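# Coordinate analysis (summary)
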Amino acid sequence: FFLQIHVSRLAGSEPRDHRAPPMADFDKSCVDVAELDEAEIRRVCAALGLGEFLSSQKLTNGGCAANYIVRLSAANDGAAEAIVLKACVAESAARAEELAVLQYKVLTALAKHGAAAPAPKSSLTAACVGTRGQAGHAMAMELLGGEAGNRLLRSGEADAPAVFGAIGRALAAAHAVPPPDGLPDVGAAGSDYIERYVRCAAPLEAHVGTVWRADEPTGFVAWAFAAGRLDTARAVLADASLPRGLLHGDPYADNVLLDLETSQAALVDWEDSCIGPLAFDLACAAAGGCFSTADDTAAADVFPPPATLNAAALGSLLACYAAARGGFGKAEAEALVDLTLCNALACALYRFYQFHTVDANAPAEAKRSYREMHAICLALEVPAVAAQMREIASAAVC
């Protein structure tokens, strides 16, 4: 089934192409690590047992996966069909295969229980190679209608409370699905969740002075590894008082599709799915869109100003989630600030590592993208902002 939302279309708006702009301020189209040429897409479609290849169109770029719309001619009757081909890349071919296989398992479980997400179109996954020689792994899923939530926010076609209310309801439906076997648990003893998110060998602290240089010129690395921030992030993920289950892991606004004509919503891009505190998905959604950042033109060695909390968006996210799930606990409300800080810190570290160390020649926009998440971290450490967030979360407790 799909989840009902209430949004309005602006008069005179024009149809848009499929390529969705990125979440928040960072344009992920400036990085593209998973480009497949047409011959490779044809080969992968055949390996997945799909119909005859007709054409393909790049849907999204990204630092760890890319999606293509592929048009096929079905083998039985020749009718054209459009599907999504996702190519996952990682630090190794084995890790890329793990991402694709786990996502297939999750999408299969979601489809079985009627949650709003794309269903797999093949029971197989297939190795693939990018145009720059990157080893990857691909899977096929159905093409859903709708627009990315971040696009609707930017265009003004939907307001933040509507978009984040839809995300809250979609997460509640997903959280009711039993997690499939094999998913990592972000709170398990010795969990390397943050390292997996950052895509750096665990523990991060073992690489201070080499990968993570405290004397790097921006000052971010020294800040991130100070004041017990990583310890706090790991501790809240392991909090046994929090309800746990299947997590999307990356429910930013660009990973929810909203259909304005039918008022339907679905979550996409499940490669970060895992097991953990249910409230962590809410924290990720908050970090991904319930804050606004000022125009950041400061020098790289000047920290960004703290982000501004969008109270209406956060309130709608939590209220709609609590109503759809049938509960949101006091412990979850109290942990939300630390859970949000955990995600924002991990995302900032990922962006810094990927675009300053892994790809030293990344575009300037990519290199500065960690500052958006750093600004959210700085906001969460302002007592008044943390208190406001806890007040909003407490209002959703039921």
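Look up: the structure comes first, before these words.
Heads up: these notes are all about the structure in this document. This is a predicted model, so every value here is computed, not measured. (Residues numbered from 1 in each chain as written. Predicted model: local features only at pLDDT ≥ 70, side-chain atom pairs only at ≥ 80, totals over all residues. Heavy atoms only, no water.)

Helix and strand counts for the chain stand at 13 helices and 12 strands. Relative to its full complement of 398 residues, the chain shows a buried share of 53%. Considering only intrachain contacts with a sequence separation of at least 6, the fraction spanning at least 24 residues in the chain is 74%. Summed over its atoms, the accessible surface of the chain is roughly 15,500 Å², and 54% of this surface lies on carbon and sulfur atoms. (Helix = DSSP H or I, 4+ residues; strand = E, 2+ residues; numbered from the N terminus. Buried < 20%, exposed > 50% of the residue type's maximum accessible area, 1.4 Å probe, protein only. Contact = heavy atoms within 4.5 Å. Areas by Shrake-Rupley, 256 points an atom, 1.4 Å probe, with all protein chains shown as cover.)

Attention now moves to the pattern of salt bridges. Taken as a whole, this structure holds 18 salt bridges when the rule is applied. For Arg42, the salt bridge identified is with Glu38, shortest N-O distance 3.4 Å. Of this pair, Arg42 and Glu38 both sit in helix H1 (residues 38-47), four residues apart, which is roughly one turn of the helix. Two residues, Glu40 and Arg43, come together in a salt bridge whose shortest N-O distance is 2.9 Å. Pair noted here: Glu40 and Arg43 are both in helix H1, with a separation of three residues, about one helical turn. Judged by its relative accessible area of 11%, Glu40 falls in the buried class. Salt bridges linked by common partners bring Lys86, Asp269 and Glu271 together as one network. (Salt bridge = Lys/Arg side-chain N within 4 Å of Asp/Glu carboxyl O.)

Secondary-structure assignment places Cys128 in strand E4 (residues 126-129). When the C-alpha atoms of Cys128 and Val89 are compared, they prove to be 9.1 Å apart, with 39 residues separating the residues in sequence. In contact with Cys128, other than residues within four places in its own chain, are Leu36, Glu40, Arg43, Val44, Ala87, Gln134, Ala135, Gly136, His137 and Ala138.

Compared with an ideal rise of 1.5 Å per residue, which puts 20 residues at 28 Å, helix H2 (residues 93-112) spans 29 Å between its outermost C-alpha atoms and is within 8% of the ideal. For H2, the full list of buried residues reads Arg95, Ala96, Leu99, Ala100, Leu102, Gln103, Val106, Leu107, Ala109 and Leu110. Tucked inside the fold, the buried residues of H2 contact strand E3 (80-89), strand E5 (135-142), helix H4 (160-175), helix H5 (193-198) and strand E7 (244-247). (Expected span 1.5 Å × (residues − 1).)

This part takes up the sheet that holds strand E8 (residues 256-259). Across the sheet, three strands lie side by side as E6-E8-E9; this open sheet has antiparallel pairing. Each end of this open sheet is capped by a strand with a single partner; those strands are strand E6 (147-148) and strand E9 (264-267). For E6 and E8, the ladder comprises two bridges, and the chain directions are antiparallel. Within the sheet, the bridge partner assigned to Ala148 lies in E8 and is Leu257. (Pairing = 2+ DSSP bridges.)

Bringing the packing of helix H8 (residues 278-289) against helix H10 (residues 330-358) into the picture now. One way to put it is that H8 packs onto H10 with a least axis distance of 8 Å and a crossing angle of 55°. Regarding the angle of H8 to H10, the classification is oblique. Classified by chirality, the crossing of H10 by H8 is right-handed. Note on element contacts: H10 touches H8 through Glu332, Leu336, Leu339, Thr340, Cys342, Asn343 and Ala344, opposite Leu278, Ala279, Phe280, Leu282, Ala283, Cys284, Ala286 and Ala287. Considering only residue class, the contact of H8 with H10 consists of 12 nonpolar, two polar and one charged. (Axes fitted to C-alpha atoms, helices over the stretch in contact; angles between N-to-C directions. Parallel < 35°, antiparallel > 145°, perpendicular 65-115°, else oblique. Left-handed = near helix turned anticlockwise from the far one by under 90°. Nonpolar A, V, L, I, M, F, W, Y, C, P; charged D, E, K, R; others polar.)

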